[in-house]
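# Commentary on secondary and tertiary structure
Residue strings, one per chain:
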Amino acid sequence: MHTYNHWINGKFAAPSGGQWLDTVDPYSNIAWARVARGNAEDARLAIAAAHDAMYKGPWSTMTATERGKVLRRIGDVLADPKNAQRLAEIESRDNGKILVEMQGQLRYLPEHWYYYAGLADKIQGTVIPVDKADMLAMTLLEPVGVVTALTAWNSPLAFFALKCAPALAAGCSVVLKPSEFASASSLEFAAMTRDAGVPDGVINVVTGLGQEIGTVLVEHPNIGKVTFTGSDTTGAKVYEAAARGMKRASMELGGKSPNIVFSDADLDQACVGAVAGIFGAAGQMCTAGSRLLVQNSIREEFTERLLTMAGKLKMGDPMKPDTEIGPIATRPQYEKVLHYIDVAKADGARCILGGGAASGPDLGKGLFVEPTIFTDVTNGMRIAQEEVFGPVLSIIGFEDEEDAIRIGNDVIYGLAAGVWTGNIGRAVRMSKALRAGMVWVNTYRAYSFMVPIGGMKHSGLGRESGIEAIHGYLETKSVMISTAEASPANAFLQR
Ligand code: NAD
């Protein structure tokens, strides 16, 4: 069994408490590796390394152009097919997501690094035509400080890129703590970045349980910003702790996204979008279209189509190329999904597909849940209000646009929404009316490193991707310089 240690200051470091955590393959249900169980001391060591690298080491003296070149080489490391394959296999083994999806993510991730590589030396302040004589006023954009990045288990290397690429481009250094359920890929990748010329201490990865190592990572005085991806419950705790230290914070949290199908839509496309939107990654996506809102006039017909398509999905070994649905990533998550299925049944929703745990010869000892569809769901039911994070879809009928907007927005979350319609005016009206950080029209789950993504309401704050993301890692400093020959004697009276 492979043992992974922390990555601190450019080398692997054993946990100071001498303890490790098993990391389990959710398909075989067997521990395939163990990762360091970090504690406060490990967190302090990583923060010290990051702080020195940023304020004393070469990172702060490098030009932004040179930093950009380092980021470019990080992209190259990921673009190497050998590295990409190895990392994709580790991620599939760790979180049970199908290998073809992780390979797809890995193929795309270099672009993310290249984008911020190019942006590093294009971030600039302004000169302000200030309303004072003999004065030059300008703004400088400076790195916010050492960044703590806390991430979830469903796409570890994507989160690594979403957080670290803009942070590094801004000139920050980073301490990343991946989920205790899927830490291995982040550790291996961090070690690879050394070959890309990342100076020691600029990227550090510590592992362990959030409640054991998280406090120091969030509250340490040398941390300038906390960026978090995970559940809204944990996010609220982290945000509160960050606020106590007046840390900058951004939060990428959960969702209960409406995927809305109008009768004028291309129903073939909409059906594919609805199925992919909830059963892709076995529903373990923050943006899962878990509430399918279907116009009443087509509800029956559309439900039939959906049943036919979803009923054919192939569950199995995530490493096999024809598998469409892998296991649930962790036992607690598996139990949570099954619990929500029971809650939905008890609340009166009608299960028309799946509805329980799955087992069979192709499913090994995996933690599988059947693709599950509920009808007769009302938006007030828990299954329509709370994030399940599994392959469970609720179908809710609506009459017209106004009804769709009302139901679509009637949740505490606001991460994503889908709209399927052939009417351009309606597409625009719906895009404006839905309270979500991302609205997809006639598509679902489309992402680009150029397009900001993030949540409204309980789905979080701040945005990742795009130019906007880098501003989350920068502080504006204003500088006013007197150009007068001599300072006016009454300077202290000036306003
Ligand atoms: P989680 O909240 O349990 O954990 C997230 C991270 O926080 C982990 O690294 C965990 O160890 C750490 N953590 C836990 N307690 C902590 C504490 N007290 N202090 C500091 N860190 C702590 O989330 P999860 O189960 O790993 O991920 C699933 C959730 O993530 C879902 O709700 C999903 O919607 C959300 N998610 C959101 C996005 C997004 O971009 N909006 C993307 C993916 C997942």
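Residues numbered from 1 in each chain as written. Predicted model: local features only at pLDDT ≥ 70, side-chain atom pairs only at ≥ 80, totals over all residues. Heavy atoms only, no water.

## Overview of the overall build of the chain
- Regarding its fold elements, the chain presents 16 helices and 25 strands.
- Taking 2.2 N^0.38 as the reference for a compact globule, 495 residues should give roughly 23 Å; the C-alpha atoms of the chain span a radius of gyration of 24 Å, in line with that estimate.
- Dimensions of the chain, computed from C-alpha atoms along their principal axes, come out at roughly 80 × 55 × 40 Å.
- Taking all 495 residues of the chain together, the buried fraction comes to 55%.
- Of the contacts formed within the chain by residues at least 6 apart in sequence, a portion of 73% connects residues at least 24 apart.
- Of the roughly 20300 Å² of accessible surface on the chain, 54% is carried by carbon and sulfur atoms.
- One finds the centroid of the 47 positive side-chain charges in the chain at a distance of 3 Å from the centroid of its 53 negative side-chain charges. (Helix = DSSP H or I, 4+ residues; strand = E, 2+ residues; numbered from the N terminus. Rg over C-alpha atoms; globule rule 2.2 N^0.38 Å. Buried < 20%, exposed > 50% of the residue type's maximum accessible area, 1.4 Å probe, protein only. Contact = heavy atoms within 4.5 Å. Areas by Shrake-Rupley, 256 points an atom, 1.4 Å probe, with all protein chains shown as cover. Lys, Arg positive; Asp, Glu negative; His and termini not counted. Charge placed at Lys NZ, Arg CZ, Asp CG, Glu CD.)

## Details of the nonpolar core
- Ranked by size, the top nonpolar core spans 64 residues in total, and within it V261, F279, L292, F302 and L306 carry the most contacts.
- Not counting chain neighbours up to four residues away, the residues in contact with F302 comprise V261, L267, A270, C271, A274, L292 and V294.
- Residues V35, W59, V77 and F189 belong to the second largest nonpolar core, which totals 60 residues. (Core = buried A, V, L, I, M, F, W, Y, C linked by side-chain atoms within 4.5 Å.)

## Here we look at the domain arrangement of the chain
- Taken as a whole, the chain is organised into domain 1 (2-253 + 459-478) and domain 2 (258-441).
- Here domain 1 and domain 2 have C-alpha centroids that lie 31 Å from each other.
- Listed per partner, the contact involves 22 residues of domain 1 and 33 residues of domain 2.
- Roughly 2100 Å² of surface becomes buried between domain 1 and domain 2 when both sides are summed, with 60% attributable to carbon and sulfur atoms.
- On the domain 1 side of the interface with domain 2, the three residues burying the most area are Y27, W153 and S459, jointly 33% of the side's total.
- Applying the counting criterion to the domain 1 and domain 2 interface returns 10 residue pairs in polar contact (both at pLDDT 80 or more).
- Only α4 (81-95) and α5 (99-119) provide two or more residues apiece to the side of domain 1 that touches domain 2.
- Element by element, the count of residues in the side of domain 1 that touches domain 2 is highest for α4, at five residues. (Domains from an automatic or database assignment. Buried area = accessible area lost by both parts, 1.4 Å probe. Polar contact = N/O pair within 3.5 Å; in protein donor to acceptor, adjacent residues only side chain to side chain.)

## Thoughts on the site of the ligand
- Close to the ligand lie 25 residues, the nearest being T151, E180, S231, L253 and E387.
- E180 places a side-chain nitrogen or oxygen 2.6 Å from an oxygen atom of the ligand.
- The contact in question runs from a nitrogen atom of the ligand to an N or O atom on the backbone of L253, over 2.7 Å.
- Those elements giving two or more residues to the shell around the ligand turn out to be α8 (210-219), β11 (223-229) and α9 (232-244).
- Two domains each provide a minimum of three residues to the shell around the ligand, namely domain 1 (2-253 + 459-478) and domain 2 (258-441). (Near = heavy atom within 4 Å.)

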